[in-house]
Amino acid sequence: MRKFKTESRKLLDLMINSIYTNREIFLRELISNASDAVDKRYFTGLTNEAAQVDRGELAITLAFDPQARTITVSDNGIGMSRDDLERNLGTIAHSGSAEFKAAKEVAASDEAQIIGQFGVGFYSSFMVASHVRVVSRAFGSDEAWAWESDGVEGYTIEPAERAACGTDVILTVKEGDAEDGFDGFLTEWGLRDLVRRYSNYVRYPVRMEVTRTRPVEQPADEADKAADKAADGASGEASSAATSADEVAGGDAPEAPAPSDAADASDEDAATPRYETYTEVETLNSMVPIWKRRRSEVTTEELDAFYQSDFHDYEAPLKSIGVHAEGSLSYDALLFVPSHAPFDMYSRDYEKGLALYSSNVLIMDKCPDLLPDHFMFVRGVVDSADLALNISRETLQRNSQLRAIASKVEKKIGAELAAMRDGDREAYERFFQAFGRCLKFGIYTSYGAKAADLADLMLFHAAAADRMQTLREYADAMPEGQEAIYYAFGESREHLARLPLVRAVREKGYDVLLCTEDIDEFCLKALGSYAEHPFVNVADADLDLATQEERDRAAETERENAELLSAIRAALGDEVEKVTVSARVLDVPAALSTTGPVSLEMERLLARMPEGGDVRSERVLELNPQHRAFTSLQAAQRQGDADRVGLYAKLLYNQALLIEGMPIPDPLAFAEQISELMQQEPHA
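Residues numbered from 1 in each chain as written. Predicted model: local features only at pLDDT ≥ 70, side-chain atom pairs only at ≥ 80, totals over all residues. Heavy atoms only, no water.

Engineer: Even after reading the chapter, I still don't get the overall build of the protein chain, so can you show me in this structure?
Structural biologist: Assigned secondary structure in the protein chain consists of 22 helices and 23 strands. For the protein chain, buried positions account for 47% of its 684 residues. If you take every contact in the protein chain between residues at least 6 apart in sequence, the share linking residues at least 24 apart comes to 72%. Total accessible area on the protein chain stands at roughly 34,600 Å², and carbon and sulfur atoms take up 48% of it. (Helix = DSSP H or I, 4+ residues; strand = E, 2+ residues; numbered from the N terminus. Buried < 20%, exposed > 50% of the residue type's maximum accessible area, 1.4 Å probe, protein only. Contact = heavy atoms within 4.5 Å. Areas by Shrake-Rupley, 256 points an atom, 1.4 Å probe, with all protein chains shown as cover.)

The following block contains the structure:
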């Protein structure tokens, strides 16, 4: 036995237990190696006329034997000589593919697509195999050699027999229990699934003999016999029926005889289809990935079928996006915008990311670094042969390459969404209903840094237009003199449209964005402004849309009723920061506004969070001096009835809370206050 030309025990243990995190990839590595061998054979034929080979004859073959617990991966590629086996398999981490790829004539050719870069892929076999035997015959040689090892200390190389050039890798799969899953690799379904998931787009066919069933056609004589039996049974029944009819005519009515069991059995046998099992060779992989084909050659139906099959969606995507880039970093991408959000989109279990391929071989099922959080809903694949992968091909060595691809993918998605917004508004509104929340989170979580990229993709319901509008559409429709973009925040558009403070802004001729998602106000505050127009909440106490005459009249009324306002403030205690006479045009006795950064709705949202219960807005009670309720307050104040002033103040405050959709602090006390008001004597 020859020893490995490194510290075999330590390095092999590292290969098997540390470098790879998923034992399923052993088949991916072996098929990739076989594909490289076939590619080398084909490329040799291009440079050597005597070695030319029909590409249609090149293939990779899988076989398995559950009884012997073996899996065999065969190819008719370039094969290996004794020295090649010694050099490539006897020296751990040596890569013959890397050497071949580095050759000038290979590097300059587009025909050779070498997948392997490292010499450790083969050793992933020992994650599932207790023994590995490699039988190989080099192209142009009459000799075949067998390399064998149990992956512990060394290997043997002995003469062998093989009819043609190529390589067979025979794995003896380890014994294990159900949790180990080794037995699953010894099934037709298990191998088919591994090929489909990891090697579906290897450029050469991966073939395997599979078992199928088919109906058996009955021989003509058997079919005739069955027909004769059925006819005899029918004539017998007719004869019995005639006899019964005669007996009935004679006065006797015996029970009709039951059909013969034998006749039933023969009829059933004749009607039951028969099946037989047979085997045939099937190609397991698709070979040419859909993202490598010209877009003009791919139909919408094919794109939809690929998306629904590979990403397990019951609906076709809303939009598909193809990307082909060449240059310092070449890659292909096929992206999909789903037509609906998955049920777990906003749960902790949801995993974003695109499938990452290198030379058509799956590296990562979901690479999160390829998508920003605000485009987390996008599904698809990215394929690049230029990525610097680590030794296991499961992670990347240089994130700068990935960041470059991710940046271009992000810009492409944004541009395609903008095109949908302008070219198919109905589809875009469906998209925004499903995924607009992600875009809003992108603005908020980036503290406005993504505003330039995402602001024009936002949609909000405008009260005056009564439809969804972009911020650009709102700004373009602003009348002369309007400086700010006004919005209101609540649980439903219907309720918001009826709010007194919204109606007051609408009376001035200004439109209001009706925001109903919990992220809306956080998003708008992170945006700050759009086209130099600040976002202003209509419930902001500092909102000043009144004319100078209205402001002067309100200030005069406030001076004349300073004692009344002070009494109301005292009656409400810490519930409000201030009580004022409103200069707004209101049609209710009182309205609530806020001063400071926390609005009423933001307070309610924060109260639902584990650590946000102590955050309160600074509330301002605005009284309408034109309402009869204000006259009643003045009368009670003139009469020195402090109890009645306090009662009215609390009623007005709770009424304003209810109008805003906010909970009142003490519902029982509110009910008692209404009862007390109803029992009072009428007053002038």
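Engineer: Explain empty space enclosed by the protein here, please?
Structural biologist: Evaluation of the coordinates by the stated rule reveals 3 cavities of 30 Å³ or more. In this structure, the largest cavity spans a volume of roughly 120 Å³. Lining the largest cavity are 14 residues, and of these Phe489, Asn537, Ala539, Glu601 and Glu660 sit closest to its centre. Looking at the lining of the largest cavity, the elements with two or more residues in it are strand S17 (485-489) and helix H19 (600-607). Here the residues of the lining of the largest cavity sort into 9 nonpolar, 3 polar and 2 charged. (1 Å grid on protein atoms, 1.4 Å probe; cavity = no way out; pocket = protein on both sides within 12 Å on 5 of 7 lines; lining within 4 Å. Points joined across faces, edges and corners; volume = space filled by probe spheres on them. Nonpolar A, V, L, I, M, F, W, Y, C, P; charged D, E, K, R; others polar.)

Engineer: In this structure, what is going on with the sheet that holds strand S14 (residues 379-383)? I would like to understand it.
Structural biologist: Across a sheet, paired strands are connected by hydrogen bonds in the backbone, their directions being either parallel or antiparallel. Across the sheet, 5 strands lie side by side as S10-S11-S14-S12-S13; this open sheet has mixed pairing. Strand pairing shows two members of the sheet lacking a second neighbour, strand S10 (319-325) and strand S13 (361-367), which therefore form its edges. Neighbour-to-neighbour, the strand axes of the sheet open up by a mean angle of 15°, direction not taken into account. Sheet topology places strand S12 (residues 354-358) next to S14; 3 bridges connect them, and they run parallel. Within S14, the position partnered with tyrosine 357 by the bridge is aspartate 383. Taken strand by strand, helix H9 (residues 300-310) contacts S10, strand S11 (331-337) and S14, and its axis lies near 80° from that of S11. (Pairing = 2+ DSSP bridges. Axes fitted to C-alpha atoms, helices over the stretch in contact; angles between N-to-C directions.)

Engineer: Would you explain the nonpolar core in this entry?
Structural biologist: Side chains of nonpolar character tend, in soluble globular proteins, to be buried together. With 85 residues, the main nonpolar core has Phe377, Phe431, Leu439 and Tyr486 as its most contacted residues. When near neighbours in sequence (up to four residues on either side) are disregarded, tyrosine 486 contacts Tyr474, Val505, Tyr510, Asp511, Val512, Leu513, Val536, Val538, Leu543 and Leu545. By size, the runner-up hydrophobic cluster in this structure holds 60 residues, among which are Leu89, Tyr307, Tyr357 and Leu362. (Core = buried A, V, L, I, M, F, W, Y, C linked by side-chain atoms within 4.5 Å.)

Engineer: When you look at the pattern of salt bridges in this model, what are you seeing that I'm missing?
Structural biologist: Any two side chains of opposite charge can pair if their charged atoms end up close together. Within this structure, the stated rule accounts for 43 salt bridges. Note that glutamate 473 is salt-bridged to arginine 425, the shortest N-O span being 2.9 Å. Of this pair, glutamate 473 sits in helix H13 (residues 471-476) while arginine 425 sits in helix H11 (residues 425-445), placing them 48 residues apart in sequence. When its relative accessible area of 23% is taken as the criterion, arginine 425 is described as partly exposed. Salt bridges sharing common partners tie together Glu188, Arg192, Arg212, Glu280 and Glu282. (Salt bridge = Lys/Arg side-chain N within 4 Å of Asp/Glu carboxyl O.)

Engineer: Please explain unusual backbone geometry as it appears in this structure.
Structural biologist: Trans peptide bonds make up most of the peptide bonds, and negative phi angles are found at most residues other than glycine. The phi torsion at arginine 69 lies on the positive side, around 60°, for a residue other than glycine. Tracing the backbone shows arginine 69 in the loop between strand S2 (60-65) and strand S3 (70-75). For arginine 69, a relative accessible area of 12% translates into the label buried.

Engineer: Just to check I follow, could you spell out helix H17 (residues 548-560) for this structure?
Structural biologist: Each turn of an α-helix holds 3.6 residues, which means side chains three or four residues apart point in the same direction. Compared with the 18 Å implied by 1.5 Å per residue over 13 residues, the 18 Å span of H17 between its first and last C-alpha is a close match. Taken together, the buried positions of H17 are Glu550, Ala554 and Thr557. Along the axis of H17, the buried positions cluster into a sector of 65°, meaning they face one direction only. Of the exposed residues in H17, those oriented more than 90 degrees away from the buried face are Glu549, Arg559 and Glu560. Buried residues along H17 sit in contact with strand S21 (578-581) and helix H20 (628-638). (Expected span 1.5 Å × (residues − 1). Arc of directions from axis to C-beta.)

Engineer: Is there a simple way to think about the sheet that holds strand S22 (residues 590-595) in this case?
Structural biologist: Spatial strand order, S21-S23-S22: 3 strands in an open sheet with mixed pairing. Each having just a single partner strand, S21 and S22 make up the two edges of the open sheet. Shown here is a sheet whose adjacent strand axes are inclined to one another by a mean of 30°, direction ignored. With 6 bridges connecting them, S22 and strand S23 (residues 618-623) associate as antiparallel partners. By the bridge assignment, threonine 594 is partnered in S23 with arginine 619.

Engineer: I tried to follow the packing of helix H18 (residues 562-572) against H20 on my own but got confused; where do I start?
Structural biologist: To describe two helices that pack against each other, one gives the angle between their axes and the distance between the axes. In the contact formed by H18 and H20, the axes pass within 10 Å of each other and the chain directions differ by 95°. One finds that H18 runs roughly perpendicular with respect to H20. Contacts from Glu563, Leu564, Ala567 and Ile568 in H18 reach Phe630, Leu633, Gln634 and Gln637 in H20. Its residues placed into classes, the contact of H18 with H20 shows 5 nonpolar, 2 polar and 1 charged. (Parallel < 35°, antiparallel > 145°, perpendicular 65-115°, else oblique.)

Engineer: Help me out: how do you make sense of the packing of aromatic side chains in this one?
Structural biologist: Two descriptors summarise a pair of aromatic rings, namely the distance from one centre to the other and the angle between the planes of the rings. Applying the stated criterion across every chain yields a total of 21 aromatic pairs. Arranged with centres 6.2 Å apart and planes meeting at 85°, the rings of phenylalanine 306 and phenylalanine 311 form a pair that is edge-to-face. Take phenylalanine 306 and phenylalanine 311: they sit in the same class, and that class is buried. Among the aromatic residues, those joined into a ring-pair cluster are Tyr201, Trp291, Phe306, Tyr307, Phe311, Phe336 and Tyr357. Seen from the ring of tyrosine 346, arginine 437 lies directly overhead, with NZ or CZ sitting 5.5 Å from the centre. (Phe/Tyr/Trp six-rings, centres within 6.5 Å; stacked < 30°, edge-to-face > 60°. Lys NZ or Arg CZ within 6 Å of the ring centre and 35° of its normal.)

Engineer: Help me understand the environment of serine 599 in this model?
Structural biologist: Inspection of the secondary structure puts serine 599 in the loop between S22 and H19. If we ignore the near neighbours within four places in the chain, the residues touching serine 599 are Glu521, Asn537, Thr594 and Ser617. In this structure the side chain of serine 599 is engaged in a polar contact, spanning 2.7 Å, whose partner is the side chain of glutamate 521. (Polar contact = N/O pair within 3.5 Å; in protein donor to acceptor, adjacent residues only side chain to side chain.)

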